[in-house]
Amino acid sequence: MTCESDRILPTDINPSASTIEAILSAINSHTGVGNDKSRRTNYEPYTRAEMDSHANMVCLGRHCTIVNWTHRVMRVNGFGPAMSMNHVPVVDAVVAFDDPYADVDEDATYFLVFQNALYIPSMKHHLIPPFILREAGLRVDETPKRQAVDVTEDNHTIFDPGTNMRIHMSLNGIFSSFKCRKMTADEMETWREEQVVQASPGGTRWDPYDPIYAEEEASCINHRGEVRAVVPPARKSYSHIIEDDDDNGDGSYGCIQAAYAEPMLVEEFDNIIEDNFARVGAMTSDLEKDLRKLATVDDPVQCNVSSISRCLDEDQLADALEELNVKTAYGIAAGSAVELGELDDLFVEDIQAKISEAAGVFSSLSSGESHGVTAEKLAKIWRISEDDAQRTIETTTQLGKYSANTKLTRELTTSDRALRYKRFVDCVFFTDTLQVTGKAKSTRGYTHVQVYVSDKGFIFIYFMTGTNQKEYLQALKAFCREVGVPETLVCDPHPTQHSREVKNYLAEVGTRLKVLERSTQWADLAERFIGLLKSGVRADLRESNAPMVLWDYCLDRRVMIMNLTARTTHKLRGINPYTATTFQTADISNIATFGWFEWVYCLEDSKSSLHKFPKAREKLGRCLGPSKDYGNEMCQWVLKETGHIVPLRTLRRLTPFELSVTNETERDKRLNFMNNIRRRYGDATRLPPDGEVVLPTIEEETSDDLYQVWLEDPEDFGGWQEEDEGQAVAMSLLVDEVSQLGRYHIPEADICNAEGVPISDKSLTDLMIGIEVALPHGEDKQAMCRVLRRSVDNDGQTTGVYDENPALNTMIYDVEFEDGRIQKYAANIIAQNVLEQVDNEGCYSERVEAVLDHRRQGNAVPKGKMYVTMRDGRKKLRQSTAGWDFKVRFTNNREQWMQLKDLKELCPVQVAEYVAARGLVDEVAFQWWVPYTLRKKSSIICAVKGRAVKRKTHKFGVQIPQDIEEAFKLDEANGNTLWQDALALEMSSIGRAITILPDGRQPPPGYTKATGHCVFDVKMCGRRKARWVKNGHLTPVSETSNYAGVVSRESVRIAFTYAAMMGLPIMAGDIKNAYLQAPTSEKHFIVCGREFGLENMGKKAIITGSIYGGRVSGRDYWLHLRKCMEELGFTHSLGDADVWYRPAVKKDGTEYYEYVLLYVDDVLVISENAEAVIRDEIGRHWEFKESSIEKPSIYLGGKCREVELSNGVKCWAFGSSQYVQEAVKNVETWLAKQNRSLPKKAEQPFKPGYRPEIDISRELNQEEASYYQSLIGILRWIVELGRVDVNLEVSMMSSHLALPREGHLDCLYHMFAYLKKYHNAEMVFDPTEPVIATDAFQRQDWTYSTMSEEERKEKLPPNAPKPRGKGFVIRCYVDADHAGDSVTRKSRTGFMVYLNNAPVYWYSKKQGSVEPSTYQAEFTAMREATEYIRALRYKLRMMGIPVEGPAYVFGDNQSVLANTTNPGSVLKKKCAAVAYHLVREAVARGEIITAYINTHDNVADLFTKPMTAGEKRNGFVRKILQHIFRKE
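A brief report on the enclosed structure follows. (Residues numbered from 1 in each chain as written. Predicted model: local features only at pLDDT ≥ 70, side-chain atom pairs only at ≥ 80, totals over all residues. Heavy atoms only, no water.)

Within the structure shown, the criterion is met by 51 salt bridges. Between E658 and R652 there is a salt bridge, and its shortest N-O distance comes to 2.9 Å. Relative accessible area serves as the criterion here: at 5%, R652 is assigned to the buried category. Overlapping salt bridges, with partners in common, bring together D1375, D1501, K1505 and K1512 in one network. (Salt bridge = Lys/Arg side-chain N within 4 Å of Asp/Glu carboxyl O. Buried < 20%, exposed > 50% of the residue type's maximum accessible area, 1.4 Å probe, protein only.)

This part takes up the environment of A539. Structurally, A539 is set in helix α13 (residues 525–544). The spacing of A539 and A917 is 378 residues in sequence and 9.5 Å in space, taken between C-alpha atoms. (Helix = DSSP H or I, 4+ residues; strand = E, 2+ residues; numbered from the N terminus.)

Structurally, the position occupied by T392 is in helix α10 (residues 386–395). With relative accessibility at 0%, the residue T392 sits in the buried group. In this structure T392 touches L378, W382, L564, T565, A566 and I588, once residues within four positions along its chain are discounted. (Contact = heavy atoms within 4.5 Å.)

On to the sheet that holds strand β48 (residues 1194–1195). In spatial order, the strands read β48-β49-β50-β51; together these four strands make up an open sheet with antiparallel pairing. Every interior strand has two partners, whereas the edge strands, β48 and β51 (1322–1325), have only one. Bridging between strand β50 (residues 1210–1215) and β51 involves four bridges; their strand directions are antiparallel. From the neighbouring strand, A1213 faces β51, where its bridge partner is V1324. (Pairing = 2+ DSSP bridges.)

Before going further, it helps to spend a moment on the environment of V1046. The topology assignment puts V1046 in the loop between β40 (1024–1030) and α28 (1049–1062). Along the backbone, V1046 and V1139 are 93 residues apart, and their C-alpha atoms lie at a distance of 8.9 Å. When near neighbours in sequence (up to four residues on either side) are disregarded, V1046 contacts D1136, D1138, L1158, Y1159 and V1160.

A separate point is the packing of aromatic side chains. If you walk through the whole model with that rule in mind, you get 44 aromatic pairs. Ring centres of Y452 and F479 lie 4.3 Å apart, and the angle between their planes is 0°; on these two criteria the pair is classed as stacked. Of this pair, Y452 sits in strand β16 (residues 448–454) while F479 is found in helix α11 (residues 469–482), placing the two residues 27 residues apart along the sequence. Both residues of the pair, Y452 and F479, belong to the buried class. Grouping aromatic residues by their ring pairs yields a cluster made of F429, Y452, F458, F460, F479 and Y578. In this arrangement the basic side chain of K904 is found over the ring face of W929, its NZ or CZ atom lying 5.5 Å from the centre. (Phe/Tyr/Trp six-rings, centres within 6.5 Å; stacked < 30°, edge-to-face > 60°. Lys NZ or Arg CZ within 6 Å of the ring centre and 35° of its normal.)

Turning our eyes to something else, we now look at the pairing of strand β21 (residues 598–603). Counting buried positions along β21 gives six out of six residues, so the element sits mostly inside the fold. Of the two faces of β21, the one carrying E598, V600 and C602 and the one carrying W599, Y601 and L603 are both buried. Bridge analysis of β21 against strand β22 (residues 618–626) gives six bridges, and the strand direction is antiparallel. Within the sheet, the bridge partner assigned to V600 lies in β22 and is G621.

For sheets, the rule is that strands pair by backbone hydrogen bonds, running either parallel or antiparallel. Spatially, the three strands line up as an open sheet ordered β30-β33-β34, and their pairing is antiparallel. Pairing within the sheet leaves two strands with one partner each, and these edge strands are β30 (848–856) and β34 (895–899). Averaged over all adjacent pairs, the angle separating strand axes in this sheet is 30°, with direction ignored. As paired elements, β30 and strand β33 (residues 884–890) share seven bridges and run antiparallel to each other. Counterpart to V851 in the pairing with β33 is V888. Running over the sheet, helix α23 (residues 908–917) touches β30 and β33 and is turned about 50° from β30. (Axes fitted to C-alpha atoms, helices over the stretch in contact; angles between N-to-C directions.)

Running from amino to carboxyl end, helix α36 (residues 1414–1438) crosses helix α37 (residues 1454–1461) at an angle of 55°, the nearest separation of the two axes being 9 Å. Our classification of the angle between α36 and α37 gives oblique. Judged by the twist between their axes, the crossing of α36 over α37 is right-handed. In this structure, α36 uses Y1415, E1418, F1419 and M1422 to contact α37, whose residues at the interface are S1455, V1456, L1457, N1459 and T1460. (Parallel < 35°, antiparallel > 145°, perpendicular 65-115°, else oblique. Left-handed = near helix turned anticlockwise from the far one by under 90°.)

A separate point is unusual backbone geometry. Its identity as a non-glycine residue notwithstanding, N116 has a phi of 60°, on the positive side. Residue placement: N116 occurs in strand β6 (residues 109–119). The phi dihedral of N545 falls on the positive side, at around 55°, and the residue is not glycine. When you line up the elements, N545 lands in the loop between α13 and α14 (551–564).

Next comes the structure, spelled out in structure tokens:
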């Protein structure tokens, strides 16, 4: 008997007679044959297990107990096809053997475990190969005692040295066998504690064809035929049941057969979902990244720095940039760089209200001899970038070709076997359903599409007429038949996708089904690709004006393009998804010639009546893409004038002469053709209308237009001579004239030498050429200037050095001011633009989210006028943006049409990606700047990723070991035991979370094997830290959420202020080994290593606690702690899930709420009995560090203390002096290694007049850039600790994380020098009510405004707890700096929020869009502040704190304030509509009330523009911070 996977062909190996008989018995039982030839055995209740030396797998019959289904199936082969069985399941099972010769009944039963066994329930007996028993460590003697020379008790027995089990076999005919049985119900509960015998090798696979067996056998004999001294291998210890991640001890995995294609393991599948799509925040598959991540597991400061912004963590910044790059790459291949979301024409009900009128007819030109498609032509036909097209051609073939001859002749059927192959899939697939509006049912009757997407981006689609169970099952079968059987299929929770029929079918083919939980469909990769496909199809239909009902043909073609487009993502690495998924070279012959809906001439079928004389042989048509499964591989779907769609092999493209608008005959043909089609099918914007539709007017072609056509493809004009010799002569003269100038012309941005050759082909941000901006000029003044060119020296060479590493590229530009002076400035607008795309802080800002659509106006420059002639005769690209408008969507879902000249400055990268996706790069308005923008973007991403992957070996000047061995070596070299002591301390703590089993004891059933490693770190104080963490990235992903939150810093400030206002004490505590005290929901065991002690090495240990590094350890701890809080009567706030409250009454009868704030293992209690709550209530369930239970002194890195104000009020103060001094000390240590020091004089964070956005210094190398990023993280945390005086400056420097420069790093050193001098600062949470000049806040009567009574009411949360205690007075100071950014001209918002006199929130951020006036910038700032105040009022109410009266908002722009408070105000500036209505609505509802404050008294001014040292700045800072600027 031989066994193999269903995926490979049978192997002819002769089985034994018993195997053949067993197979025939099974086949007969399945087919209903009544002639049972199985061997007669007495089963009352026993059956027989027979030895079969010719079998290579254990084959078990019905009388066994299955303990694990492996979800794999095999094919069992006999002598011929009639003796084969398909889909035989592979199981782990147990049979019981009762020893009839045992002395004691209790020891008479042994349980034999067989792993990776075939299960044929129609068999009554078992077949066991003796080789497998011996491989498991059993001693098998097959010699019958009657044939033995010297009979001993070992003859004809099976002996287990571990349990001393001895089975005396008997003969059934001439076959050795023994009696066995199934387990009883009682035995199934206790068999693992009884005498268990491992009767087969362990592991996830058994490979009978492994060559190691033959090699080891051959090694037992030397070259003389003498037996070598062979040491028998030690018996391996296996788990009782097979697990998905068990190995054989040497890193190898068992398998069924050598030819069996290795399937994707569960771990690999889960890692794919974890790393790319699920984003659950657990471990990754990158061990280097895990070490960096786990090194901060006990560092709350570092954890909080990463939580502030994704950009402050190298790995998260690199991942975000890579995600942006992947999305862009797939989007361009789909013909769209953005998922349009709600803007859906074909895929929603209301069609005409969603799209604009499409105009023009898409066509392309080709004639002459065919030489295969070029990258330029492929980019145009597929609408992808030229770089992707070039990679696609290099990684695919073009075995089939169309004749490019414009004279059509009948083409014979070609031999296209090279294009046909059976694909094999060995990866994870995701599936989802695409639905089309019923009004746009396709010509073939389809309304739904089932989409399958692999983790590498390969797509398979199946068209359906509905979403019923039958249709989905047909789609699934078609997918498995045409593509292959995936190892794992991931679907959403729709009932049709995980029904019983689907699960049964997938079980038959050996596919694991993984169903995503509800509300997590975003993790389904298929859903994301459906969005890209929709966008691509919409674009194709609109640009070609093709009827909507042809969407299925367009979708089929777009899927082929996406599968065949080679990309440079980290998954594909330069190849296409088809090759990456199927491991076969793709061929693009049948899709690389014709564009979508392109005009073609085709030949009718020679047997058709339409083909007979005198009717024309050539018929006009429109190509709809390759005809899959119809005709040969080169056939195309062609739409005929009658409306029929047929597959044709012989067709050609139209010549330029035929496409010319002056050729009235051909034009009339096309006009009549489209009128017929529109009458029947409609067009891209509407379903079939009544009457005829007139073609849009087409401008007459000029000689420049014709030359542009020739320039794109000279071979298109090969057929002109026959048609019009005069035209050909005229064109040849034009060609000769322009050929002298060269085919490719260099933009002015590329400086050329005297011969016209560019000095460097490495263009950098050339989109800046021609920009007019205001830059510093003279003494702290700004003046308008224009960027002229790249800067060159006296020898004509560019200024700066180009390096392959973009971090070392120092190219700069010349700019000309209005007074004629020229200065040199660097251009990093693209770096900032890319950084904005990956910023995910969730702050309140409005920026461009996506470019949705475009339109071309009549004044757009045509392609024929792309070049202008200079005085010296050279030609350069025309730099024009006229005539192009783009529709954009902002982050608040507002949509607006903008001119290209404005949008290009606002978000050049997004515009460039959209232009590339739409195939518009060759237009005059884009050719001169888009290619350079995309090239620079890719360089930035590569630079950031290069920094992220670098592994850190030192911290604070101390070398960090990477493993245990290195830790011991470092201690030996340093002459101490610091690392060993840290490791011993960790292992003594982790003992409470594991249970080490005795030697030979196996884990309980259901437990899977896990691994772990040690991570080492050094604290800021120099203390060594070791942490044993589980390799969670190698364990399966949990099917439930693994979210674990922490309390916000804002809630902490509110709690400190509330405690002082209510006169409540505060106590803090630190839970000892918090994670280890929580039980784990995962069932894992480990094999102890050296770190567990020599006495435990090799033993198995069960993990009982939530060990660090587990996929759900944080969640398990968080949920366990929350359950404890619920048992104590606390309720979590809906405004902050980690703030818990409980009603209480003070001794004086005052009602209030007790609060518990949870930040991982830090517990903060606000209560009259705070210490009792920690010790007697929470302490009953959790062990605290005794020394940590006290009034908070250090909390989240800041120093806390209770102070008494001059008015006698006691309150809490929060200081960052200690953290600042430690940070400054570390910076000084770093500088000392470079023989540098901090600046001596630093009276303010920035040097006077310094603007980081126009810094032109050298870009930092990888090490320096990484250090810059870490310093930004430290400064951001210092701001969170209360140093609001550097909030603005840190925000400005954070904008340069992608490409920092030397000047930026020096600026950070200057900031640390300032902090060193003024480190003594403290923020006081004063609960005293402020004195409000209520006369300045005039309440207006909004009764007669345009708002209804319902709109004027504040919406209160219905589930808020009953208010208790006192409430706060909310104040907010808001300001904006109009066009403060010298490069992008974006404004900046800043505001400060107080509760009573306690500052609780501060904000400084660049606005997302360019505002044309101060009025709009100030209104935008007011809107952002209002949105935050609404959120703050909600949070206070959900904490049970009374919120009465409006929030008092102070601003210094009287125009804005007048429009917010006057009910009769009318909006005159439509561009400020969103901010205008939102703020006025808040005022009408009584949520806020506004008043004017002089700009010299507005503390928000501190957050909008850098100030020099002086009384104004110092006065603002002293209003917020105490002790600072105090004279020593």
